[in-house]
Amino acid sequence: MQDSPTDTHPHEPHAEGLASRLNWLRAGVLGANDGIVSTAGLVVGVAATTNDSTTILAAGMAGLVAGAISMAAGEYVSVSTQRDSEKALLAKEQRELADFPDYELAELTEIYQAKGLSPATARQVAEELTAHDAFTAHAEAELKLDPRDLTNPWAAAGSSAIAFTCGALLPLLAIVLPPAPWRVPVTFVAVLVALALTGSLSARLGGSARGRAVLRVVIGGALAMAVTYAIGILTDTLSG
């Protein structure tokens, strides 16, 4: 017996929920990157003004908590807005199917004709899909949406908050664990290595060139830490 496509290609994205998984993966990578950069900039700036571990840790923890909540709230609002738009489009499509079924059937036929099918074949495909599940057929063909797999704002928000927290812990630990003279150098190295990894992962998820993506995030992170460190030194000098 011939194997099904799912059996022969188990790693291909045939499973339901792919869009949702990609959504929280994207939010997770961005959240980790933001957690690394923002917390690193904060603790490096504070470390430039004081050697007191408690002060540095308190500043870092405050930045971690505030950043995680901000990231989660922002992601939730953004994805909720997207989901509301998707639901409004789907509701409109349902009304049109109920009020103008013949027009919608003709529209679906035209879509498949535009994809290269003959008029007769396109009509047959449209009729069979309409008979099976008209709403899903029109949603996927016209709106490029799967009604059963809409974006999930809670998944995106949770992923973003957790990823931000994980990312923020790295510079926080790097700045408080080493002896005082090594704090800033160790943090710089740890952060740049971590950013290179998140940049590489981001490029892999997006299918883009890794070198360019890694270079962007590493330069951005290095610049952020350099600027905040310089501001900390300047502030300490002026206050002293």
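Residues numbered from 1 in each chain as written. Predicted model: local features only at pLDDT ≥ 70, side-chain atom pairs only at ≥ 80, totals over all residues. Heavy atoms only, no water.

Some remarks on helix 8 (residues 210-239)
Piece 1. Here helix 8 is 30 residues long and its end C-alpha atoms lie 43 Å apart, about the 44 Å a rise of 1.5 Å per residue gives.
Piece 2. Among all positions in helix 8, only Ala 213, Gly 221, Met 225 and Gly 232 are buried. (Helix = DSSP H or I, 4+ residues; strand = E, 2+ residues; numbered from the N terminus. Expected span 1.5 Å × (residues − 1). Buried < 20%, exposed > 50% of the residue type's maximum accessible area, 1.4 Å probe, protein only.)

Side note on the UniProt feature "transmembrane region" (unreviewed entry) in the protein chain
Piece 1. Mapped onto the present numbering, the UniProt feature "transmembrane region" (unreviewed entry) falls at residues 56-77, 154-176, 182-201 and 213-234.
Piece 2. The span residues 213-234 is 100% helix and 0% strand, and its two end C-alpha atoms sit 32 Å from each other. (UniProt positions renumbered as here; feature names shortened; annotations may be inferred.)

Thoughts on a nonpolar patch on the surface
Piece 1. A cluster of nonpolar side chains, Leu 57, Met 61, Val 65 and Ile 69, forms an exposed patch at the surface whose accessible area comes to about 340 Å².
Piece 2. The residue Val 65 is located in helix 3 (residues 53-99) in this model.
Piece 3. Classification of Val 65 by relative accessible area gives partly exposed; the value is 43%. (Patch = residues over 30% accessible without salt bridge, like charges linked within 9 Å, V, L, I, M, F, W, Y side chains within 5 Å. Areas by Shrake-Rupley, 256 points an atom, 1.4 Å probe, with all protein chains shown as cover. Salt bridge = Lys/Arg side-chain N within 4 Å of Asp/Glu carboxyl O.)

Regarding the packing of aromatic side chains
Piece 1. Overall, the coordinates contain one aromatic pair when judged by the stated rule.
Piece 2. Geometrically, the ring pair formed by Tyr 76 and Trp 154 is tilted, given 4.7 Å between the ring centres and 50° between the ring planes. With a gap of 78 residues between them, Tyr 76 in helix 3 and Trp 154 in helix 6 (residues 153-176) connect regions that are remote in the sequence.
Piece 3. On the basis of relative accessibility, which here comes to 29%, the residue Tyr 76 falls in the partly exposed class. (Phe/Tyr/Trp six-rings, centres within 6.5 Å; stacked < 30°, edge-to-face > 60°.)

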